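So you can see what is in the structure, the chains are spelled out below.
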Amino acid sequence: GDSVTQMEGPVTLSEEACLTINCTYTATGYPSLFWYVQYPGEGLQLLLKATKADDKGSNKGFEATYRKETTSFHLEKGSVQVSDSAVYFCALKTGTASKLTFGTGTRLQVTL
Amino acid sequence: DGGITQSPKYLFRKEGQNVTLSCEQNLNHDAMYWYRQDPGQGLRLIYYSQIVNDFQKGDIAEGYSVSREKKESFPLTVTSAQKNPTAFYLCASTPGTGNTGELFFGEGSRLTVL
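Residues numbered from 1 in each chain as written. Chains lettered and ligands numbered in written order. Predicted model: local features only at pLDDT ≥ 70, side-chain atom pairs only at ≥ 80, totals over all residues. Heavy atoms only, no water.

1. Observations concerning the overall build of chain A
Item 1. The secondary structure content of chain A amounts to zero helices and 12 strands.
Item 2. Each helix and strand of chain A, ordered N terminal to C terminal, gives the series β-β-β-β-β-β-β-β-β-β-β-β.
Item 3. A compact globule built from 112 residues should have a C-alpha radius of gyration of about 13 Å, and chain A, at 13 Å, falls within 12% of that.
Item 4. Expressed along its principal axes, the backbone C-alpha trace of chain A runs to roughly 45 × 30 × 20 Å.
Item 5. Burial statistics for chain A: of 112 residues in total, 46% are counted as buried.
Item 6. For chain A, the accessible surface area stands at approximately 5,300 Å², while carbon and sulfur atoms represent 47% of it.
Item 7. In chain A, 10 side chains carry a positive charge and 11 a negative one; their mean positions are 8 Å apart. (Helix = DSSP H or I, 4+ residues; strand = E, 2+ residues; numbered from the N terminus. Rg over C-alpha atoms; globule rule 2.2 N^0.38 Å. Buried < 20%, exposed > 50% of the residue type's maximum accessible area, 1.4 Å probe, protein only. Areas by Shrake-Rupley, 256 points an atom, 1.4 Å probe, with all protein chains shown as cover. Lys, Arg positive; Asp, Glu negative; His and termini not counted. Charge placed at Lys NZ, Arg CZ, Asp CG, Glu CD.)

Pasting the structure below:
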């Protein structure tokens, strides 16, 4: 079945440091890929997405590229802020079904 | 403001009791979902509904029940048959059948069984 594997956290960075959160997937067919973010005490919200190979999703300074050859969708940001502290979830969707498969989440903590 | 409202935010239950979590949306979305979130396990799908009066089991439906009598409402009942109900429950919705994969989430309900 479909699955998503994320790097374990927590990831602790100083403000303005570079961020990479790894995500790899296993799926039948050609999935769409997503990054969701969960700020403390809130539900998840979509951060960015990519629907086909080599697409790059971007939002709020974050970006991720859909790499079919390595089945990866790593999340990157060049300079993190304290306000980026949250849990980040990688997810995929295959076919026309409305179900998403989520990874386990990676907690990011950014300090001054 | 449009959005998804879950209530209650915190709920305590004694073993053997059923409890119902509310989820209401005013986004005019067709599809609604219930996910369970446990530490280290990410989100797992419990039930989803793409239209009124119809719903499908997700990956972990045992011990849960839902109804979809109105487009804007999708309550989840955690029954006494659920062996480990303590968790954070998230409701979500999406327009159409959810083909875009973009889910809109509520703020969640945390259930603790005493």
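2. Brief notes about the packing of aromatic side chains
Residues and elements named next belong to chain A.
Item 1. A complete count under the given rule lists 13 aromatic pairs over all chains for this structure.
Item 2. Where phenylalanine 62 meets tyrosine 88, the ring centres are 5.6 Å apart and the plane angle is 40°; that geometry is what we call tilted. Of the two residues, phenylalanine 62 sits in strand S8 (residues 62–65) while tyrosine 88 sits in strand S10 (residues 86–93), which places them 26 residues apart along the sequence. Side by side, phenylalanine 62 and tyrosine 88 carry an identical accessibility label, which is buried. (Phe/Tyr/Trp six-rings, centres within 6.5 Å; stacked < 30°, edge-to-face > 60°.)

3. A word on the sheet that holds strand S9 (residues 75–77) of chain A
Residues and elements named next belong to chain A.
Item 1. With antiparallel pairing, four strands are arranged side by side in an open sheet as S3-S9-S8-S7. Unpaired on one side and paired on the other, strand S3 (19–21) and strand S7 (56–59) mark the two borders of the sheet. The mean inter-strand angle of the sheet, taken between neighbouring strand axes irrespective of direction, is 20°.
Item 2. Relative to S8, S7 runs antiparallel, the two being bridged by four bridges. (Pairing = 2+ DSSP bridges. Axes fitted to C-alpha atoms, helices over the stretch in contact; angles between N-to-C directions.)

4. Here's the deal with the environment of valine 113 of chain B
Item 1. Tracing the backbone shows valine 113 of chain B in strand S11 (residues 109–113).
Item 2. Put simply, valine 113 of chain B and serine 80 of chain B are 33 residues apart on the chain and 10 Å apart in space, counted from C-alpha to C-alpha.

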